[in-house]
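Remarks on the overall topology
Here's the letter readout for the chains.
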Amino acid sequence: MLSRTLLRRALGRPARRARTEVNWLTSRGRRQDLAVFHEFHAPPYGGGNQFLLALVGELRRSGLEIEVNRLSGRTPACLYNSFNFDFRRLRRFARDGARMVHRVDGPIGVYRGFDDGSDRRIVEINHALADATIFQSRYSLDMHQELGLDLLNPVVIPNTVDPALFHPAPTHERLAGRRLRVITTSWSANPRKGADLLRWLDRNLDFDHFEVTFAGNIETTFERIRVVGPLASAPLADLLRTHDVYLATSRDDPCSNALLEGLACGLPAAFLRSGGHPELVGDAGIGFNDAEELPDVFERLAAELDTRRAAIRVPALGDVADSYLAALRG
């Protein structure tokens, strides 16, 4: 006997196909400036979703008309994100004359720590439709090529954040006489986000000199690290601005939006030397390889806060939007 979930899915497929056909037919004579295929979610959610919300918002503020999960008959270009959309629907709407640009991350098998076929599926989607591919970091492009995951006509454009939400505090509380405030965040509870590093800190860090906050989802309990649940963008940004240092613990992260949010709020970073972290941070932080290095890294950052803060460089949202438009226009 079919479970209720399977039954709903089986009954839902014809309805989805019917909606797609109706939307396709009614959109043939229409035109927007750009189509975006992505399954959007209200925050809090993952970094790719956060970035695309910021990007679409910026493009709309610039005057562009954007349609979501529909490619009308006269719309000249389409941006589609990784595999986070209805591929059957995109394939139905795709047509000659529309430039198709595929934004990818990962490699997902490296990032997640296991291969479930997602990367090969992304390659198939890419080769089926893409005119060009946007990678979020040089690390991501190089790792794809190293693994033989060749995607079409690649260009590197980094993620960024909405500066209306994520921006530095107007003034910074002096460190003298108080503990250094460290914060790390993650929407995903994937262990590769760095739970092991946080467990080490919870057991070994001198909490008379440092305090650590985690905001997001995690499947670990701590004795001394403060845990805050997932927050929408505005309250998360407010929380970030009450801290001094952002701790980036994720492994093989191509272009961490969580790290970008911390940097944009004026926080120098202690970052694991992995994935795209070094590209994002530059001189605005100090890298580490093992948890045992973190107490010394925090001490150095406490001594160099002003210098490291002055070195923060987060890509401007307008510049990133312009780069996307250039890729979409070919």
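So, here's what we can say about the structure. None of these values were measured; they are calculated from a predicted model.

1. Side note on the overall build of the chain
Looking only at helices and strands, the chain has 13 helices and twelve strands in total. Here the C-alpha radius of gyration of the chain, 21 Å, is about what a compact globule of 330 residues would show, namely 20 Å. Seen along its three principal axes, the alpha-carbon backbone of the chain occupies a region of about 65 × 50 × 40 Å. In the chain, buried positions account for 49% of the 330 residues. At a minimum sequence separation of 6, the contacts of the chain that also span at least 24 residues come to 67%. On the chain, roughly 15,600 Å² of surface is accessible, and the fraction owed to carbon and sulfur atoms is 49%.

2. Some points on helix α8 (residues 233-240)
When α8 is considered as a whole, its buried residues turn out to be Ser233, Leu236, Ala237, Leu239 and Leu240. Angularly, the buried residues of α8 cover 160° about the axis, an arc narrow enough to put them on a single face. Where α8 is buried, its residues contact α2 (47-61), β7 (180-186), β8 (210-216), β9 (226-228), β10 (245-248) and α9 (257-264).

3. Brief notes about the environment of leucine 231
Of note, leucine 231 is situated in the loop between β9 and α8. On the accessibility criterion, leucine 231 (25% relative accessible area) is partly exposed. Between the C-alpha atoms of leucine 231 and threonine 185, which are 46 residues apart in sequence, the distance is 9.8 Å. Not counting the four nearest positions on each side in its chain, leucine 231 is found in contact with Pro44, Leu236 and Leu239.

4. Topic: the pattern of salt bridges
Tallied over the full model, the rule gives 16 salt bridges. The closest approach of N and O atoms between arginine 31 and aspartate 33, which form a salt bridge, is 3.2 Å. Of the residues examined, arginine 31 reaches a relative accessible area of 38% and is grouped as partly exposed. A relative accessible area of 27% means that aspartate 33 is categorised as partly exposed. Residue arginine 138 is joined to aspartate 142 by a salt bridge in which the shortest nitrogen-to-oxygen separation is 3.0 Å.

5. Focus: the sheet that holds strand β6 (residues 154-156)
Taken together, the six strands give an open sheet; going across it, the order is β2-β1-β3-β4-β5-β6, and neighbouring strands pair in parallel fashion. Since the sheet does not close on itself, it has two edges, and those belong to β2 (66-68) and β6, each with one partner. Here the average twist between neighbouring strands, direction ignored, is 25°. Inspection of the sheet shows strand β3 (residues 77-81) paired to strand β4 (residues 99-103) by five bridges, in the parallel sense.

6. Describing the packing of aromatic side chains
Tallied over the entire structure, the rule returns seven aromatic pairs. Measuring from ring centre to ring centre gives 6.5 Å for phenylalanine 37 and phenylalanine 85, while their planes differ by 80°; the resulting arrangement is edge-to-face. Of this pair, phenylalanine 37 sits in strand β1 (residues 34-37) while phenylalanine 85 sits in the loop between β3 and α3 (87-93), and the two are 48 residues apart along the sequence. Phenylalanine 85 matches phenylalanine 37 in its accessibility class, with the two residues each being buried. With a centroid separation of 5.6 Å and 45° between ring planes, the pair formed by phenylalanine 51 and tyrosine 324 is classed as tilted. In this pair, phenylalanine 51 sits in helix α2 while tyrosine 324 sits in helix α13 (residues 317-329), placing the two residues 273 residues apart along the sequence. Comparing phenylalanine 51 with tyrosine 324, the two get one shared label, buried.

7. Quick notes on unusual backbone geometry
The residue after proline 43, namely proline 44, is reached through a cis peptide bond having omega 5°. Within the secondary structure, proline 44 sits in the loop between β1 and α2. Put simply, glycine 106 and proline 107 share a cis peptide bond, and its omega is 15°. Its place among the elements puts proline 107 in the loop between β4 and α4 (108-112). Backbone geometry places asparagine 69, a non-glycine residue, at a positive phi of 60°.

The rules behind these values
In this numbering scheme, every chain counts its residues from 1 along its sequence in written order. Where local features are concerned, this predicted model is filtered to residues with pLDDT of at least 70; where side-chain atom pairs are given and counted, the filter is 80 or more; whole-chain, interface and lining totals use all residues. Think of the side-chain values as coming from all heavy atoms in the structure, minus any hydrogens and water. Runs of H or I in DSSP of at least four residues are treated as helices and runs of E of at least two as strands, each being numbered from the N terminus. Both definitions apply: the radius of gyration is a C-alpha atom measure, and the globule rule equals 2.2 Å times residues to the power 0.38. Burial classes: relative accessible area under 20% of the type maximum marks a residue as buried, over 50% as exposed, and values in between as partly exposed (1.4 Å probe, protein chains only). The contact rule is simple, with two residues in contact once any of their heavy atoms fall within 4.5 Å. With residues, only the protein chains shown are counted as cover, and all accessible areas are computed by Shrake-Rupley using a 1.4 Å probe. This arc corresponds to the set of directions leading from the helix axis out to the C-beta atoms. The rule for a salt bridge is simple: a side-chain nitrogen of Lys or Arg has to be within 4 Å of a carboxyl oxygen of Asp or Glu. When DSSP finds two or more bridges between two strands, those strands count as paired. Each axis is a line fitted through C-alpha atoms, and for a helix only the stretch in contact is used; angles between axes span 0 to 180 degrees, taken between their N-to-C directions. In summary, the pairing rule links any two rings of Phe, Tyr or Trp, Trp by its six-membered ring, whose centres are within 6.5 Å, and it sorts them by plane angle into stacked for under 30 degrees, edge-to-face for over 60 and tilted for everything else.

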